[in-house]
Amino acid sequence: GENVEQHPSTLSVQEGDSAVIKCTYSDSASNYFPWYKQELGKRPQLIIDIRSNVGEKKDQRIAVTLNKTAKHFSLHITETQPEDSAVYFCAAGGGNQFYFGTGTSLTVIP
Amino acid sequence: GAGVSQTPSNKVTEKGKYVELRCDPISGHTALYWYRQSLGQGPEFLIYFQGTGAADDSGLPNDRFFAVRPEGSVSTLKIQRTERGDSAVYLCASSLTGGLNEQFFGPGTRLTVL
């Protein structure tokens, strides 16, 4: 089955700086890569996703890049704000199953 | 419109008991997923329904776990002979048609087995 690894597990940045979270996956059949934000005690919410036929996608301060050859994808958050503080999960899948990374706890220091 | 809802929000039970967890997906969503999330971990896939049928139940950890979706809408996750290791947050998600579509998560049911 699929194996998704996510790094780093914790990340602290100053407000206004950029944050980068990286994930690798093992199953070359995976073709959908969503990123979820989960605040403490709340449900995961999709922030951005990318499909395998695209190398990069941007939505305001958030961007995701995908390298299918190397089987890795990254989340980039620019101009971070305190409200970006949360746990971020990457996931890989696209068929019946989805596999999540172990999460990155992002803290944005005002 | 209404999002995915789950009941109960919290469930405390004793080891060996039977529990049922309910998920109400977004109306019209044919795909429904169950996940289990332990503290400090990402959601772990359990089972995927497409309509009324379980299209993939390969994530269910053992035969104590079972899920149904008889009318293609509400789903119930059933756990028999609960063990302390079953304690976790059980998340349900629905998606319009599955596959490459966004999954919308419910708030989860926190299960504690004493």
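Residues numbered from 1 in each chain as written. Chains lettered and ligands numbered in written order. Predicted model: local features only at pLDDT ≥ 70, side-chain atom pairs only at ≥ 80, totals over all residues. Heavy atoms only, no water.

> Before we go on, may I ask you to explain the overall build of chain A in this structure?
Along chain A, the regular secondary structure elements total zero helices and 11 strands. In chain A, the succession of α and β elements from N to C terminus is β-β-β-β-β-β-β-β-β-β-β. By the compact-globule yardstick of 13 Å for 110 residues, chain A fits well, its C-alpha radius of gyration being 13 Å. Buried positions account for 43% of the 110 residues belonging to chain A. For chain A, the accessible area works out to roughly 5400 Å², and carbon and sulfur atoms hold 46% of it. When the 10 positive and 12 negative side-chain charges of chain A are each reduced to one mean point, those points stand 5 Å apart. (Helix = DSSP H or I, 4+ residues; strand = E, 2+ residues; numbered from the N terminus. Rg over C-alpha atoms; globule rule 2.2 N^0.38 Å. Buried < 20%, exposed > 50% of the residue type's maximum accessible area, 1.4 Å probe, protein only. Areas by Shrake-Rupley, 256 points an atom, 1.4 Å probe, with all protein chains shown as cover. Lys, Arg positive; Asp, Glu negative; His and termini not counted. Charge placed at Lys NZ, Arg CZ, Asp CG, Glu CD.)

> What is the right way to look at the nonpolar core in this model?
Formed by 24 residues in total, the largest nonpolar core has its most connected members in A:Trp35, A:Phe73, A:Leu75, A:Tyr88 and A:Leu106. Counting only elements with at least two residues in this core, the list comes to strand 2 (10-14), strand 3 (19-24), strand 4 (32-38), strand 5 (45-51), strand 7 (62-67), strand 8 (72-77), strand 9 (86-93) and strand 11 (104-109) of chain A. The dominant element in this core, judged by the number of residues it contributes, is strand 9 of chain A, at four residues. If you look at the next biggest cluster of nonpolar residues, it comprises 20 residues, including B:Val4, B:Leu21, B:Phe65 and B:Tyr90. (Core = buried A, V, L, I, M, F, W, Y, C linked by side-chain atoms within 4.5 Å.)

> What am I meant to see in the interface of chain B and chain A here?
Accessible area lost when the parts come together is the quantity often used to give the size of an interface. Across the contact, 22 residues belong to chain B and 17 residues belong to chain A. When the two sides are added together, the surface that chain B and chain A hide from each other amounts to roughly 1700 Å², 52% of it contributed by carbon and sulfur. Run the count over chain B and chain A and you get zero salt bridges. At the junction of chain B with chain A, the criterion picks out seven residue pairs in polar contact (both at pLDDT 80 or more). Contributions of two or more residues to the side of chain B that touches chain A are made by strand 4 (31-37), strand 5 (44-50) and strand 6 (53-56) of chain B. Element by element, the count of residues in the side of chain B that touches chain A is highest for strand 4 of chain B, at three residues. Looking at the side of chain B that touches chain A residue by residue, the classes come out as 11 nonpolar, nine polar and two charged. (Contact = heavy atoms within 4.5 Å. Buried area = accessible area lost by both parts, 1.4 Å probe. Salt bridge = Lys/Arg side-chain N within 4 Å of Asp/Glu carboxyl O. Polar contact = N/O pair within 3.5 Å; in protein donor to acceptor, adjacent residues only side chain to side chain. Nonpolar A, V, L, I, M, F, W, Y, C, P; charged D, E, K, R; others polar.)

> Explanation requested: the sheet that holds strand 6 (residues 56-59) of chain A in the structure shown.
Pairing between the strands of a sheet comes from backbone hydrogen bonds, and it takes one of two forms, parallel or antiparallel. All names here are of chain A. Spatial strand order, 1-3-8-7-6: five strands in an open sheet with antiparallel pairing. Every interior strand has two partners, whereas the edge strands, strand 1 (5-7) and strand 6, have only one. When the angles between neighbouring strand axes are averaged without regard to direction, this sheet yields 15°. As judged from the three bridges shared by strand 1 and strand 3, these two strands associate in the antiparallel manner. In the strand pairing of strand 3, Glu5 is matched with Thr24. (Pairing = 2+ DSSP bridges. Axes fitted to C-alpha atoms, helices over the stretch in contact; angles between N-to-C directions.)

> Help me understand the packing of aromatic side chains in this model?
Residue and element names in this part refer to chain B. In the structure shown here, the tally under the stated rule is 14 aromatic pairs over all chains. On the basis of an interplanar angle of 25° and a centroid distance of 4.8 Å, the ring pair of Tyr33 and Tyr48 is categorised as stacked. Here Tyr48 lies in strand 5 and Tyr33 lies in strand 4, a separation of 15 residues in the sequence. Ring geometry for Tyr35 against Phe45: centres 6.3 Å apart, planes inclined by 75°, an arrangement best described as edge-to-face. Taken together, the residues span a long stretch of sequence, with Tyr35 in strand 4 and Phe45 in strand 5 at a distance of 10 residues. For the pair Tyr35 and Phe45, one class covers both residues: buried. (Phe/Tyr/Trp six-rings, centres within 6.5 Å; stacked < 30°, edge-to-face > 60°.)

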